[in-house]
Amino acid sequence: MADLQTNFLGIESPNPYWLASAPPTDKEYNVRRAFEAGWGGVVWKTLGAEGPPVVNVNGPRYGAIYGADRRLLGLNNIELITDRPLEVNLEEMARVKADYPDRALIASIMVPCEEEAWRAILPRVAETGADGIELNFGCPHGMSERGMGSAVGQVPEYIEMVTRWCKKHYDRPVIVKLTPNITDIRKPAEAAKNGGADAVSLINTINSITSVNLDTFSPEPSIDGKGSHGGYCGPAVKPIALSMVSEIARAQATHGLPISGIGGVTTWRDAAEFMALGCGTVQVCTAAMTYGFKIIDELTAGLSKWMDEKGYKDVSEIVGLAVPNVTDWQYLNLNYVAKAKIDQDQCIKCGRCYAACEDTSHQAISMSDDRVFEVMDDECVACNLCVDVCPVDGCISMVPMNAGEIDPRTGREVQPDYANWTSHPNNPMAKAAE
Amino acid sequence: MAQGQMVPGIVSGRLSSDELTSNFTDLHPPLAAHEAAVAADRCYFCYDAPCVTACPTDIDIPLFMRQIQAGQPEAAGETILAQNILGGMCARVCPTETLCEEACVREAAEGAPVEIGRLQRYATDSVMADGAHPFVRAESTGKTVAVIGAGPAGLACAHRLAMLGHEVVIHESKPKPGGLNEYGIAAYKSTNNFAQAEVDWLMQIGGITIETGSVLGDTISLEGLSENYDAVFLSIGLAGVNALRAGGVGKDGVRAAVEFISDVRQTGDLTDLPVGRNVVVIGGGMTAVDAAVKSKLLGAEHVTIAYRRGRDAMGASRYEQDLAASHGVKIMTNVQPVAVHGNGAAAEIELEYTSSEGGQLTGTGEVIRLPADQVLKAIGQTLEGAPEGLTLDGNKIAVTGAGRTSMAGVWAGGDCAAGGEDLTVTAVAEGRDAAMDIHATLTA
């Protein structure tokens, strides 16, 4: 069995699965249950400054999007940071860390953008024995209206400034948690790095309204007939998170900056994908909130099995393996030509490929009277839509053409060499080949 | 106190009232809302969907599945009923395993089709639960049409004609409308008096009058109807029963399966209904299965279906055969009745094994005797009481196009008309299509 022991910024955990700062990590009781279940670490629910704690709404905090059979695909929340006194949280953290020294325990913090506020809380967090801190610059609801959370995460200068304070007043690893509610994720990541951050974690939740009640015309979740945008998470946000993670992993300014990946991690495969795109650990929330802590058994066993199959011995080996393959569109090989191929033995004759291609794409699939569907290579642009809508896994595949063959669509010979848009004759900005 | 299964002869009350009630509840309980959503979600929304092609009434099945998925089962129900006004009954009795569900691509893919029948029931039940009738009549045409027979074909024809603005009078010989929906069809497929509830719902369209006790060739004649109405639609079904060629068929305890089924459907108290200890049903169709299963549910100890050809040739689908087997009915194939023995009343049946070579069925000479105090004949029905002057095609009324008979102004559909399978859904399609043709003719 591959060893899942993880070292992230010098913080050891028995596996790369941390519970994200969220309701599952709000108190000692939950965190002990998580550690007993086998979670590698937790990022404790965000602490606020000393004084009267925040209050939460007394109605629904969550809204959901479902797939078939009420499978939860997306969750949104309007819950704020911890609503328990700082002192209580700190005492609990210290007790838990003492009892589970092999697990990672990170304190998430959100206090006003004043150095004094950070200088006041950081020594107290340090006293708990926590392995590091995570700066919550991400929450898009409630706290952002008070100049915290994503309100900070959307201003790179603030990120850099606060990170610098934290590095000054705290001597353990500082992770900066980023909001996705921004145009270019590389800017805040770069700011964090410039401020001295040891790592970034992303994504925090996305501004969202899950649905509108068509009787009351209130957004959901509804509080007394009104709704406010909440933070969206769960399986639905994974593609967005993967893209943002990859941007940071491959940008020159932030390449090599450790990343803790967050966003819809539900199975071991999701975790492996985040790690391949450069994440040293992954953080999980919605999957645990949906199914409970026991999912850690599948997450760890699945990752370990896959690593065994691939011959990886240590999780650090898989971190970043996919990063070199993330590129800009302009560098994609335009000489690569593929054609859809339908395996008639597997085809169940539903005709979805035909409807999709005929109505919305390139009219490249024919249909016979007896419902045989065939790809017309002279029309197929290999868009992959038929593969995506086919209900039978593996029935339609994209088969690359060999160099030297004639593409019946263009009448041109498939070229063996790589050529991209930058040198394409149709590109007005093309540079002539040397 | 229940008499039990072992009492010899044809007796009532073999099972307790509670047992009988439990035996005759819905074969398939209705889907709950979440079950329906999950089941409908399995539909792939096929292009030019094979299930629609397989449906005699061309219901847009993918559309109604999507409407269920989208949270509007009533809209789904309207989609169904617009094509098949008896979609509620068809959802219960259609042999979906040989129609839409056999054609479903998920049947091909994984042997588990979308449960179209049960979902159709869910959707149509939603409409009927509302109590309202979603269809409205067109402006009156001033034309009046006579429909003979209030079975599925007649009701479908009448409803469509009424919708198109015609006045319709249905002449029905039996005391209640519904035809085989009311007097045939397994009781466990149509519970809670659904057939009558469906007729009542259908009648809400208005413009339809039902005259019961109106018998063609007795109280009414085709000649008289043709004079008094602008068009006539014959949907008289198959009132006759094929004769069984075997010795001793006149003995007590030998009767037509359709009569037995009708008794079960019409009885007010199942504990009053007599059934044999050893029941043998002759035949291989749905009627044979219905009669056999009902006998078993009423408490018969041994029930055997005896069919003269091989299993593949049976009119009952494999699903129906399995249904019978799961109720403890024994299916014997390649046996034909030679004689019913007994002193006045049936006691045994003698069956001869058969072989069919080159399609020719012959007795092998080898016989077997089974105890049989009740023998139910389910070897098919036949046209009876068809008006003089109509051209026949084989044993049925010949029709061309959408049910046009050889006589001008007279249409026919359902089991009495040639062509198509003898199914409720086929009858509905024929009645509906004849109505459209009658309308086109009357408004030309």
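Residues numbered from 1 in each chain as written. Chains lettered and ligands numbered in written order. Predicted model: local features only at pLDDT ≥ 70, side-chain atom pairs only at ≥ 80, totals over all residues.

Thoughts on the overall build of chain B
Next up, step 1: What chain B contains, in helices and strands, is 17 helices and 17 strands.
Next up, step 2: Against the globule reference of 22 Å for 444 residues, chain B gives a C-alpha radius of gyration of 22 Å, in line with a compact fold.
Next up, step 3: On the principal axes, the C-alpha backbone points of chain B span a range of 65 × 55 × 50 Å.
Next up, step 4: Expressed as a percentage of its 444 residues, the buried residues of chain B come to 48%.
Next up, step 5: In chain B, of all internal contacts separated by at least 6 residues, the share reaching a separation of at least 24 is 71%. (Helix = DSSP H or I, 4+ residues; strand = E, 2+ residues; numbered from the N terminus. Rg over C-alpha atoms; globule rule 2.2 N^0.38 Å. Buried ≥ 20, exposed ≤ 12 C-beta atoms within 10 Å, placed from the backbone. Contact = placed C-beta atoms within 7 Å.)

Section: the overall build of chain A
Next up, step 1: In terms of regular secondary structure, chain A is built from twelve helices and 22 strands.
Next up, step 2: A compact globule built from 434 residues would reach a C-alpha radius of gyration of about 22 Å, and chain A, at 25 Å, matches this within 12%.
Next up, step 3: Each principal axis of the C-alpha distribution contributes one length, and for chain A these read about 75 × 60 × 50 Å.
Next up, step 4: Out of the 434 residues in chain A, the part that is buried amounts to 43%.
Next up, step 5: Restricting the contact set of chain A to residue pairs at least 6 apart, pairs at least 24 apart contribute 70%.

Some thoughts on the interface of chain B and chain A
Next up, step 1: Every contact between the two is made by nine residues of chain B and, on the other side, eleven residues of chain A.
Next up, step 2: The set of elements that each furnish at least two residues to the side of chain B that touches chain A consists of helix 2 (33-41) and helix 8 (105-110) of chain B.
Next up, step 3: If one sorts the elements of the side of chain B that touches chain A by residue count, helix 8 of chain B sits on top with three residues.

Regarding the domain arrangement of chain B
Residue and element names in this part refer to chain B.
Next up, step 1: Taken domain by domain, chain B holds domain 1 (33-130), domain 2 (144-239 + 383-442) and domain 3 (242-377).
Next up, step 2: Between the C-alpha centres of domain 1 and domain 2 the distance comes to 26 Å.
Next up, step 3: If you look at the interface, domain 1 gives twelve residues, while domain 2 gives 18 residues.
Next up, step 4: In terms of residues, the side of domain 1 that touches domain 2 owes the most to one element, helix 6 (residues 87-93), which gives five residues. (Domains from an automatic or database assignment.)

Describing helix 6 (residues 186-194) of chain A
Residues and elements named next belong to chain A.
Next up, step 1: Restricting attention to buried positions, one finds in helix 6 the residues Pro188, Ala189, Glu190, Ala191, Ala192 and Lys193.
Next up, step 2: Its buried side turned inward, helix 6 meets helix 4 (150-153), helix 5 (156-169), strand 9 (174-177), strand 10 (199-202) and helix 7 (238-250).
Next up, step 3: Directly after helix 6, the chain includes Gly196, whose backbone phi takes a positive value near 105 degrees.

Some details on the nonpolar core
Next up, step 1: Residues B:Ile68, B:Leu119, B:Phe233, B:Val281 and B:Ala292 are the most contacted members of the largest nonpolar core, which totals 148 residues.
Next up, step 2: The dominant element in this core, judged by the number of residues it contributes, is helix 15 (residues 286-298) of chain B, at eight residues.
Next up, step 3: Not counting residues within four places of it along the chain, the set of residues in contact with B:Leu119 comprises B:Leu31, B:Ala36, B:Ala39, B:Ala40, B:Met65 and B:Ile68.
Next up, step 4: With 91 residues, the next largest nonpolar core counts A:Val162, A:Cys166, A:Ala236 and A:Ala241 among its residues. (Core = buried A, V, L, I, M, F, W, Y, C linked by C-beta atoms within 7 Å.)

Description of the environment of A:Ala356
Residues and elements named next belong to chain A.
Next up, step 1: One can find Ala356 in helix 11 (residues 352-360).
Next up, step 2: Distance from Ala356 to Cys386, taken between C-alpha atoms, is 6.7 Å for residues 30 residues apart in sequence.
Next up, step 3: Contact partners of Ala356, with chain neighbours within four places excluded, come to Ser361, Leu385, Cys386 and Val389.

Some thoughts on the pairing of strand 8 (residues 302-307) of chain B
All names here are of chain B.
Next up, step 1: With five of six residues buried, strand 8 is to be regarded as a mostly interior element.
Next up, step 2: Note: strand 7 (residues 278-282) against strand 8, five bridges, orientation parallel. Bridge pairing in strand 8 places Val281 opposite Ile305.
Next up, step 3: Direction of pairing for strand 8 relative to strand 9 (residues 330-333): parallel, over a ladder of four bridges. Looking at strand 9, one finds that Tyr307 is bridged to Thr333.
Next up, step 4: Note that the unit made of strand 8, helix 16 (residues 318-326) and strand 9 has a crossover that is right-handed. (Pairing = 2+ DSSP bridges. Right-handed = clockwise from strand over helix to strand, strands pointing away.)

So, the domain arrangement of chain A
The figure often quoted for interface size is the accessible area lost as the parts come together.
Next up, step 1: Each assigned domain of chain A is listed here: domain 1 (6-325) and domain 2 (329-423).
Next up, step 2: One C-alpha centre belongs to domain 1 of chain A, the other to domain 2 of chain A, and the line joining them spans 40 Å.

A few points about the sheet that holds strand 4 (residues 231-234) of chain B
By way of backbone hydrogen bonds, the strands of a sheet pair with one another, either parallel or antiparallel.
Residue and element names in this part refer to chain B.
Next up, step 1: The five strands lie next to each other as 3-2-1-4-17, forming an open sheet whose pairing is parallel. Each edge of the sheet is formed by a strand with only one pairing partner; in this case those strands are strand 3 (208-212) and strand 17 (410-412). Mean inter-strand twist for the sheet, computed between neighbouring axes without regard to direction, equals 20 degrees.
Next up, step 2: For strand 4 and strand 17, the ladder comprises three bridges, and the chain directions are parallel. Each residue of the ladder has a partner; that of Val232, found in strand 17, is Val410.
Next up, step 3: The strands touched by helix 17 (residues 424-442) within the sheet are strand 1 (144-148), strand 4 and strand 17, with strand 4 carrying the most contacts at an inclination of about 170 degrees. (Axes fitted to C-alpha atoms, helices over the stretch in contact; angles between N-to-C directions.)

Digging into the confidence of the model for chain B
Next up, step 1: Across chain B, pLDDT averages 95, with 100% of residues at or above 70.
Next up, step 2: Model confidence for the complex is summarised by a pTM of 0.91, with the ipTM given as 0.89. (pLDDT = per-residue confidence, 0-100.)

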